[in-house]
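Read off the chains here:
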Amino acid sequence: MGLWSWFWSWWRPTGSNQALPSSPPANRASGQKRQWHGSTSTPKLARLRYRSPEMVRQWRIEGRGTQVDQLPYVYARYARTRRRKQFLNLLADTRIDLLQQHRLPVITTLDELSQFLGLPIRRLAGLIHLADHGRPPTEKKSHYWLKWIRKKRSGHRLIEAPKPALKKVQEIILRRILDLVPAHPAAHGFVPGCDILSNAQLHTGRAVVVKFDLKDFYPSVTFSKVVAIFRSLGYSREIALWLARLTTSALPIGMAFPDKNPYSIMQFTRRHLPQGAPTSPALANLAAYSLDVRLTGLARRFGAIYTRYADDLTFSGDHRFLKQLKRFVPLTDQVIVQCRFHSQPAKRRILRQSNRQTVTGVVVNQSPNCSRRDYDQLKAILHNCVRHGHQTQNRDQQVDFRAHLQGRVAHIRHLNPDRGVRLQKIFEKINWNS
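Residues numbered from 1 in each chain as written. Predicted model: local features only at pLDDT ≥ 70, side-chain atom pairs only at ≥ 80, totals over all residues. Heavy atoms only, no water.

Caption draft 1: The nonpolar core, seen in detail. Counting 80 residues, the largest nonpolar core has Ile177, Phe230 and Phe315 as its most contacted members. The element that contributes the greatest number of residues to this core is helix α10 (residues 237-247), accounting for seven residues. Setting aside residues up to four positions removed in sequence, isoleucine 177 forms contacts with Leu104, Pro105, Phe116, Ile172, Phe230, Leu233, Tyr235 and Leu243. Val209, Leu351, Ile381 and Leu382 belong to the second-largest nonpolar core, a separate cluster that totals 24 residues. (Core = buried A, V, L, I, M, F, W, Y, C linked by side-chain atoms within 4.5 Å. Buried < 20%, exposed > 50% of the residue type's maximum accessible area, 1.4 Å probe, protein only. Helix = DSSP H or I, 4+ residues; strand = E, 2+ residues; numbered from the N terminus. Contact = heavy atoms within 4.5 Å.)

What follows is the structure, encoded as structure tokens:
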């Protein structure tokens, strides 16, 4: 396959503002019309926007920065040239107009970045292991606490919790930069004013609910994607690189395998979003923005509704949408792959109205509600706590069993106030002093 054929093999869903052509497209080179398969009413994936070779070449030149003879700033990179020794100035392409448009802090130099984060630039370089080529030499010297957790089915999940110094820096980036950038309206996870209930309400009383699950959502967001996010906000390449290093992670050299299988940590060897950092949910939502745009357009063409809660993708529609699932599901998988994510076919669910339909744990057949099983189970635990004492029911060895039960009661009360009030009355009868 040639380069041009490979380029035109990429597609995107047609949005509402771009209708399918009513006649076959013309071939400009030969003057003949191409053969148009299928009817014009059939939803298809339209081409990506055209990028000329001149545009790509200009982007590459801008990405290389300006070559200068003297060191422009501390930690500047060497230019790859066979001539005399030169340096790269990657601070010259700040888009102040974009930063002001998003009401973001204007950071044009490393000194301003240091003042913004409240740490000396050498301390920031230590947090990203700049002297060790961006990777901690040992697990002890890493700025993340690492813990492997076995998944329910197979494989392991890596929890990377930042240590206090790095966590403080990430919280500044989250509050003063990322929180000011809105996510796509289809995103309901880790978005202010949205939760599992707002995500489920849009799919209430639908003929069919289709659920997709993204595989390794956080590790799929690579370092280059995070750099592109900060670049799109208006920051220069150098500032975007520093912000991306401060919000991503890479495994230390010589990290032990969780199950003696070297392939289990392959996805974590490159820099990725750490699951446990405060900035990861916001960056993941921004990285999935193009995915949300394309799936929203695709769902609209099929007469369906689309929402996303973290890595859970949900579609719902009427009986006409149910009849078109044979075409819709492959197109959705294609869009997910093109956006550099991966779905898990084993976790895909097609729920009809005759069965129980759940969206992020909320039953949506008639109205948002908790499942009967969860309600009965919690009610039985509360009754046993009243009769036999709360010590007999703490089988999972919860540190604060009272807060644990109170949280479960509040969750059901949020979904079904009537059931929540009943459980709250039983909860108040428990003797916690015994």
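Caption draft 2: View of helix α6 (residues 164-176). With 13 residues, α6 should cover 18 Å at 1.5 Å per step; its first-to-last C-alpha distance of 18 Å lies within 8% of that length. Along α6, the positions that sit buried rather than exposed are Leu166, Val169, Gln170, Ile172, Ile173 and Leu174. (Expected span 1.5 Å × (residues − 1).)

Caption draft 3: Representation of the pairing of strand β5 (residues 144-150) in the model. For β5 and strand β6 (residues 156-162), the ladder comprises seven bridges, and the chain directions are antiparallel. By the bridge assignment for β6, arginine 150 is matched with histidine 156. Between the antiparallel neighbours β5 and β6 lie five residues, among them glycine 155 with a positive phi of about 85°. (Pairing = 2+ DSSP bridges.)

Caption draft 4: Here's a closer look at the sheet that holds strand β9 (residues 312-317). Taken together, four strands build an open sheet; the order of strands is β8-β9-β7-β10 and the sheet is antiparallel. For this open sheet the edge positions go to β8 (305-309) and β10 (349-352), each flanked by a neighbour on one side alone. Within the sheet, the average angular offset between the axes of one strand and its neighbour, ignoring direction, is 20°. Relative to β10, strand β7 (residues 208-213) runs antiparallel, the two being bridged by four bridges. Residue pairing for β10: lysine 211 is matched across the bridge by arginine 349. Across the sheet, helix α13 (residues 289-301) lies against β8 and β9, angled at about 155° from β8, the strand it touches most. Across the sheet, helix α15 (residues 325-338) is in contact with β7, β9 and β10; its angle to β7 comes to roughly 25°. (Axes fitted to C-alpha atoms, helices over the stretch in contact; angles between N-to-C directions.)

Caption draft 5: Spotlight on the packing of helix α4 (residues 110-117) against α10. At their nearest, the axes of α4 and α10 sit 10 Å apart, and the two run at 35° to each other. The handedness of the crossing between α4 and α10 is right-handed. Taking contact as the criterion, the partners of Leu110, Leu113 and Leu117 in α4 are, on α10, Glu238, Ile239, Trp242, Leu243 and Leu246. (Left-handed = near helix turned anticlockwise from the far one by under 90°.)

Caption draft 6: Representation of the packing of helix α16 (residues 372-388) against helix α18 (residues 417-427). As a packed pair, α16 and α18 sit with axes 9 Å apart at the nearest point and diverge in direction by 15°. One element, α16, and the other, α18, form an angle in the roughly parallel class. Here the hand of the crossing between α16 and α18 comes out left-handed. Along its contact with α16, which presents Arg372, Tyr375, Leu378, Lys379, Leu382, His383 and Val386, the element α18 presents Arg419, Arg422, Leu423, Ile426 and Phe427. By residue class, the composition of the contact of α16 with α18 is seven nonpolar, one polar and four charged. (Parallel < 35°, antiparallel > 145°, perpendicular 65-115°, else oblique. Nonpolar A, V, L, I, M, F, W, Y, C, P; charged D, E, K, R; others polar.)

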